[in-house]
Every structure is written in C-alpha cells, then in structure tokens.
Amino acid sequence: MPELPEVETTLRGIEPFLTNQNLSRLQVRNRSLRWPVEHGLESAVANRRIKYLQRRGKYILIHFDQGGLIIHLGMSGSMRVLFENEVSGPHDHFDLVTERGVIIRYRDPRRFGCLLYVDAQVESHDRLIDLGVEPLTDDLTGKYLYDQAKAKRTSVKVLIMNGKIVVGVGNIYASESLFAAGIHPARRCDRVSQLRYENLAISIKRILHRSIKQGGTTLQDFVGADGSPGYFEQKLAVYGRKGEACFRCGGEVRSVVLGQRSTFYCAVCQR
C-alpha cells in the first residue's frame, strides 16, 4: 500500500502541472472505486480553477476556489503525468486534464482508491476531520506521543499507526522508526518514557524525510508520477528481513504480528 512518502512523492510529482491551472475536464472510465465516483462530477468540476494541492495523511487534496477533490491511492494506486494522450488500460480509471492538455492519469488495479468531491471546505470532509497530527510538522513531538500514550494499554507500534493520533506512519515506517529509536514494537505504550518518545518522534521524521527524498518505497507496483519506482526498499533496516542479520548488531531480525500487521524488529537492539 502506498504510505505517506509515496503519497508525498506523488503529490510533488503532479503539483507543478495542476497548481493555478484550469481543470479543462475530468474523464471517468470506471466509477467502481472504494466508494463509487458520483455521477455528474465531470460537469461539477469542468473548467474549475485549481488553487493549490495539499497532502493530508495519505489523501491528496485538490483545492478549487470553493470546494475541491479528495484522492486516495488505495492499495495499489498511482498517478502519472502524461503530455500526450495514450491508450488507456483496464486499470486506468480517471484522467484530470488541464487547459494546457496535461493529463494526470489515475491507475489502480485493485480499485481501493477513491475520488471524492467536496462542495465546501475540503478539510471538513468526514474522511479527514478526525485525522491526527501530521508527522512532518512541529505538532509531532515526544511529549505529544507521551501524553497520548498515558491512558492506553496498546503496543507502541499500534499507537503510532493510529491515524487519529498521528497520520501516515504505516507499517513499513513504523517498524523502521522503532528500530532507529531502539524501542521494541510490542512494548506497552504507557511504559515508554517521554525521553524515548522524543527519540521516536525524531526517528519518524528522519525516516519519512529520507524515504521522500529517495522517492518512496518499491513495494508491489508503486511508481512515482514520472513512472519511476521508489528506492527506499534498498535502505530498509528491518522491514521484510525476517531471519536476516541485523545491520547494527548482527543478531537475527525477527517478526511478530501486532495489530494484525507483520512487524519486524531486532530483539537485541530494541528494548
């Protein structure tokens, strides 16, 4: 599944071609996404001026003068920038076409993504209103995580993957950040000190920034807006490395299921 760095990479890839442009037309080929694309959306957004784009969690927000579009990449979605029309494939579900003829094409083999329209303040949509803090902002601090964990009994990994607490820290980056901070993913969140949460907040930011810089993670079929794959997988310290040697201590990387997700860690380096 595309996680925050993949979504941010996608946003940065399409943003220059949409910002301050008129959306000439929307072409929908398949309305059967995670939530059906509403009928009449094409006429509702035709010739609308795009003011700016924004990422909120794993959603891409396209703001018009009033209202806008919400796009989610789902499990396997990607958005490509095309400078001339190409024959669409069976998984190419919609195109955003600008006044200059640039096409932003959405592809999603598993159809778990979405295209939603909001005729009001975009951030007020039900899918966005309860989201937690953005991990790349100053809102994510060790004190914030420590305060959120005080009354909870879940594992620290489940805590940082809770989208109502902090958005976009998916399974890959949770495992990598906890390894970088030296915290065992199964440790009960209310038994982690504020100092260790400070280290974890720093690690989350560093891991996410590094992944964005490298273009996301090459898992499944993720590609950036220019069609190039992500490269962060080459730098993964523990995720997907069960049974291999830890790069730091040489011990064995192990795996456990937490919150119904496979979790990778080093039992020597993480306590």
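Moving on, we get to the pattern of salt bridges. Across all of its chains, the model carries 14 salt bridges by this definition. Lysine 143 is the salt-bridge partner of aspartate 147, the closest N and O atoms lying 2.8 Å from each other. Of this pair, aspartate 147 and lysine 143 both sit in helix α3 (residues 142-149), four residues apart, roughly one helical turn. One network of salt bridges, with partners in common, ties together Glu8, Arg12, Arg55, Arg56 and Glu134.

Ranked by size, the top nonpolar core spans 28 residues in total, and within it Ile62, Leu69, Met79, Phe94 and Leu96 carry the most contacts. With sequence-adjacent residues up to four places away left out, leucine 69 is seen in contact with Leu41, Val45, Ile60, Leu61, Ile62, Phe64, Leu96, Leu115, Leu116 and Tyr117. Core analysis: the second largest hydrophobic core is formed by 26 residues, Ala149, Val156, Cys189 and Ile207 among them.

Our focus in this paragraph is the packing of aromatic side chains. Applying the stated rule across the entire model yields three aromatic pairs. Residues phenylalanine 17 and phenylalanine 83 carry aromatic rings whose centres are separated by 5.4 Å and whose planes lie at 70° to one another, so their mutual orientation is edge-to-face. With phenylalanine 17 in helix α1 (residues 4-18) and phenylalanine 83 in the loop between β5 (78-82) and β6 (92-98), this pair connects stretches of sequence that are 66 residues apart. Look at phenylalanine 17 and you get partly exposed, because its relative accessible area is 28%. With centroids separated by 4.8 Å and ring planes inclined at 10°, the aromatic side chains of phenylalanine 94 and tyrosine 106 adopt a geometry described as stacked. Note that phenylalanine 94 is positioned in strand β6 and tyrosine 106 in strand β7 (residues 103-107), a separation of 12 residues in sequence. What makes tyrosine 106 buried here is its relative accessible area of 0%. Directly above the ring of phenylalanine 247 sits arginine 241, whose terminal nitrogen or CZ lies 3.8 Å from the centroid. Positioned over the ring face of phenylalanine 179 is arginine 248, at 4.2 Å from the centre of the ring.

Moving on, we come to the side chain of histidine 72. With respect to the element layout, histidine 72 can be found in strand β4 (residues 68-72). On the accessibility criterion, histidine 72 (12% relative accessible area) is buried. Within the structure, histidine 72 has its side chain in polar contact with the backbone nitrogen of glycine 74 (distance 2.8 Å). Beyond its immediate stretch of four places on either side in the chain, histidine 72 contacts Lys58, Tyr59, Tyr106, Gly113 and Cys114.

Let us look at the packing of α3 against helix α6 (residues 194-213). For the pair α3 and α6, the least separation of the axes is 7 Å and the interaxial angle reads 125°. What the angle tells us is that α3 and α6 run oblique. The interaxial crossing formed by α3 with α6 has right-handed handedness. Here Gly142, Lys143, Leu145, Tyr146 and Ala149 of α3 lie close against α6, whose contacting residues are Gln194, Tyr197, Glu198, Leu200 and Ala201.

Rules and cut-offs
Here, residues in each chain are numbered from 1, in the same order as that chain's written sequence. Restriction of local features to residues with pLDDT of at least 70 applies here, the model being predicted, together with a cutoff of 80 or more for giving and counting side-chain atom pairs; totals for whole chains, interfaces and linings are based on all residues. Hydrogens are left out, water is left out, and the side-chain values use all remaining heavy atoms of the structure. Throughout this description, the term salt bridge denotes a Lys or Arg side-chain nitrogen within 4 Å of a carboxyl oxygen of Asp or Glu. What counts as a helix is a DSSP run of H or I of at least four residues, what counts as a strand is a run of E of at least two, and both are numbered from the N terminus. For the purposes of this section, nonpolar cores are sets of buried Ala, Val, Leu, Ile, Met, Phe, Trp, Tyr and Cys residues that join through side-chain atoms within 4.5 Å. A simple rule labels every residue: compare its accessible area, found with a 1.4 Å probe on the protein chains alone, to the largest value its type can have, and call it buried under 20%, exposed over 50%, or partly exposed in between. In what follows, residue pairs with any heavy atoms lying within 4.5 Å of each other are defined as contacts. Between the rings of Phe, Tyr and Trp (Trp by its six-membered ring), a pair exists once the centres lie within 6.5 Å; its type follows the angle of the planes, with under 30 degrees stacked, over 60 edge-to-face, and the other angles tilted. Note on geometry: a ring has a charge over it if NZ (lysine) or CZ (arginine) is within 6 Å of the ring centre and within 35 degrees of the ring normal. Within 3.5 Å is the distance limit for a polar contact, defined as a pair of N or O atoms, with the added protein rule that one can donate a hydrogen and the other accept it, and that residues adjacent in sequence qualify only through two side-chain atoms. To define axes, lines are fitted to C-alpha atoms, for helices over the stretch in contact only, and angles between the resulting N-to-C directions are given on a 0 to 180 degree scale. Every angle not falling under 35 degrees, over 145, or within 65 to 115 is termed oblique; those three ranges are roughly parallel, roughly antiparallel and roughly perpendicular. Here a crossing is taken to be left-handed if its near helix is turned anticlockwise relative to the far helix by less than a right angle, and right-handed if that turn runs clockwise.

Everything listed is a geometric property; what it means functionally is a separate question.
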